[in-house]
Amino acid sequence: MDVATTVTEVRARVRDWRAAGLRVALVPTMGNLHAGHLSLLAAARYRADRVIASVFVNPLQFGPAEDFAAYPRTLAEDEGLLAEAHCDLLFAPTVEQIYPDGGAQSTLITVRDLASVLCGQFRPGHFDGVATVVAKLFNIVAPDVAVFGEKDFQQYIIIRRMTSDLMLPVEIVGAPTVRAPDGLALSSRNRYLSPEERAIAPAIHRALQAAVKRLDEGDRNFLGIESAGWQALAVAGLRPDYFAVRDANDLQPPRLTSQELVVLTAARLGSARLIDNLRLPLARP
Ligand code: PAF
């Protein structure tokens, strides 16, 4: 596996691959890789001849009171894991490469509606930072396909919409959430949990499962389902930001025409903020 740290290097490599008629996939990450990221690599490998993983902790998507400085940076370990996963190129740029103007970044991409709900209410500006850096990565790498984890479901929907609205020639693929045996979704932020908090955290998956079960049985008391999910998390010792049932296509409240529902939650536990979701396709007669 090669490693590129500059925009010029990565562009030159992709140009050569394209000239050889190869299809290129990008897996954007913030590093501190785990089995969830490796599943994204596998999905990318399946869809392309060459796979690039980017590792970049993007300052633009962290709020002033968030964990940018403390975010786990483990580039040496990440490099080893990516090489084992047969990644072709690791793109690990500095902040100066991505934000050469010292971070002023006058241009921001806002995916209105989608970015202001759910996590957007609790992390103002977060999704503008995500959409902007992903658009930059797409412009740098020019991949044919890019793979994102469905654990970050709102992020996935926002990137899909941004790509379609801006007519970027990139196929967006969502890869299923990878879970620990007790149901906890794998996340770099799980490492903030103490052993006691780690034992509490699977309550998130259980609460989502209970909500999906009610929906699957035909219960359409969405407010009741949301409030039961919230209560279950609070009783387990978490501090929920939200527990919501939404249309999986646009994250709006469910309506009669909805073809798929998604139950999403974000909850705080100790110093960690954990997010997760489960989807339910609706059978139509
Ligand atoms: O999901 C992440 O790791 C980040 O939000 C992403 C998509 C790499 C953008 O910085």
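Read on for an overview of the structure. (Residues numbered from 1 in each chain as written. Predicted model: local features only at pLDDT ≥ 70, side-chain atom pairs only at ≥ 80, totals over all residues. Heavy atoms only, no water.)

### A word on the overall build of the protein
Thought 1: Each helix and strand in the protein was counted, giving 10 helices and 9 strands.
Thought 2: Its C-alpha radius of gyration of 19 Å places the protein within 12% of the 19 Å reference for a compact globule of 285 residues.
Thought 3: With respect to the principal axes defined by its C-alpha atoms, the protein has extents near 55 × 45 × 40 Å.
Thought 4: Of the roughly 13300 Å² that the protein leaves accessible, carbon and sulfur atoms contribute 54%.
Thought 5: One finds the centroid of the 30 positive side-chain charges in the protein at a distance of 3 Å from the centroid of its 32 negative side-chain charges. (Helix = DSSP H or I, 4+ residues; strand = E, 2+ residues; numbered from the N terminus. Rg over C-alpha atoms; globule rule 2.2 N^0.38 Å. Areas by Shrake-Rupley, 256 points an atom, 1.4 Å probe, with all protein chains shown as cover. Lys, Arg positive; Asp, Glu negative; His and termini not counted. Charge placed at Lys NZ, Arg CZ, Asp CG, Glu CD.)

### Examining the site of the ligand
Thought 1: Around the ligand sit Pro 28, Thr 29, Met 30, Asn 58, Gln 61, Val 133 and Gln 155, and those are all the residues in its vicinity.
Thought 2: At 2.6 Å from an oxygen atom of the ligand is found a side-chain nitrogen or oxygen belonging to Gln 61.
Thought 3: Gln 155 is positioned such that a nitrogen or oxygen atom in its side chain is 2.7 Å from an oxygen atom of the ligand.
Thought 4: For the ligand, the accessible surface in isolation is 290 Å², of which the surrounding protein chains cover 88%.
Thought 5: When its residues are assigned to classes, the shell around the ligand shows 3 nonpolar, 4 polar and no charged. (Near = heavy atom within 4 Å. Polar contact = N/O pair within 3.5 Å; in protein donor to acceptor, adjacent residues only side chain to side chain. Nonpolar A, V, L, I, M, F, W, Y, C, P; charged D, E, K, R; others polar.)

### Some words on the sheet that holds strand E8 (residues 260-269)
Strand pairing in a sheet is mediated by backbone hydrogen bonds. Such pairs are either parallel or antiparallel.
Thought 1: The strand order E7-E8-E9 describes an open sheet built from 3 strands, whose pairing is antiparallel. Two strands lie at the open edges of the sheet, namely strand E7 (239-247) and strand E9 (272-281), each paired on one side alone. Pairwise comparison of adjacent strand axes, ignoring direction, gives a mean angle of 10° for this sheet.
Thought 2: Here helix H10 (residues 222-236) sits on the sheet and contacts E7 and E8; the angle it forms with E7, its principal contact strand, is near 150°. (Pairing = 2+ DSSP bridges. Axes fitted to C-alpha atoms, helices over the stretch in contact; angles between N-to-C directions. Contact = heavy atoms within 4.5 Å.)

### Some thoughts on the packing of aromatic side chains
The description of an aromatic ring pair rests on the distance of the ring centres and on the angle between the ring planes.
Thought 1: Per the stated rule, a full pass over the model turns up 6 aromatic pairs.
Thought 2: Grouping aromatic residues by their ring pairs yields a cluster made of Phe 62, Phe 68 and Tyr 71.
Thought 3: A cation sits over an aromatic face here: Arg 73 above Phe 68, 4.7 Å from the ring centre. (Phe/Tyr/Trp six-rings, centres within 6.5 Å; stacked < 30°, edge-to-face > 60°. Lys NZ or Arg CZ within 6 Å of the ring centre and 35° of its normal.)

### Quick look at H10
Thought 1: With 15 residues, H10 extends 21 Å between its outermost C-alpha atoms, agreeing within 8% with the 21 Å of an ideal straight helix rising 1.5 Å per residue.
Thought 2: Three or more residues of H10 are buried, namely Ile 225, Glu 226, Gly 229 and Leu 233. All buried residues of H10 lie within an arc of 100° about the axis, which places them on one face of the element. Across H10 from its buried face, at more than 90 degrees, point the exposed residues Leu 223 and Val 235.
Thought 3: Elements in contact with the buried residues of H10: helix H9 (203-216), E7 and E8. (Expected span 1.5 Å × (residues − 1). Buried < 20%, exposed > 50% of the residue type's maximum accessible area, 1.4 Å probe, protein only. Arc of directions from axis to C-beta.)

### Some points on the side chain of Arg 123
Thought 1: With respect to the helices and strands, Arg 123 occurs in the loop between helix H5 (119-122) and helix H6 (126-141).
Thought 2: Residue classification places Arg 123 among the buried residues on the basis of a relative accessible area of 10%.
Thought 3: Every residue in contact with Arg 123, bar those within four places of it in the chain, is listed here: Gln 61, Glu 66, Arg 189 and Arg 273.

### Concerning the packing of H6 against helix H7 (residues 153-165)
Thought 1: The interhelical angle for the contact between H6 and H7, taken along N-to-C directions, is 50°, at an axis separation of 10 Å. Judged by the inter-axis angle, H6 sits oblique to H7. Where H6 crosses over H7, the two elements pack in a sense that is right-handed. Together, Phe 127, Val 130, Ala 131, Val 134, Ala 135 and Phe 138 of H6 and Gln 154, Gln 155, Ile 158, Ile 159, Met 162 and Thr 163 of H7 make up the contact between the two elements.
Thought 2: For the contact of H6 with H7, the residue count by class is 9 nonpolar, 3 polar and no charged. (Parallel < 35°, antiparallel > 145°, perpendicular 65-115°, else oblique. Left-handed = near helix turned anticlockwise from the far one by under 90°.)

Without other data, these values stay purely geometric and don't point to any function.
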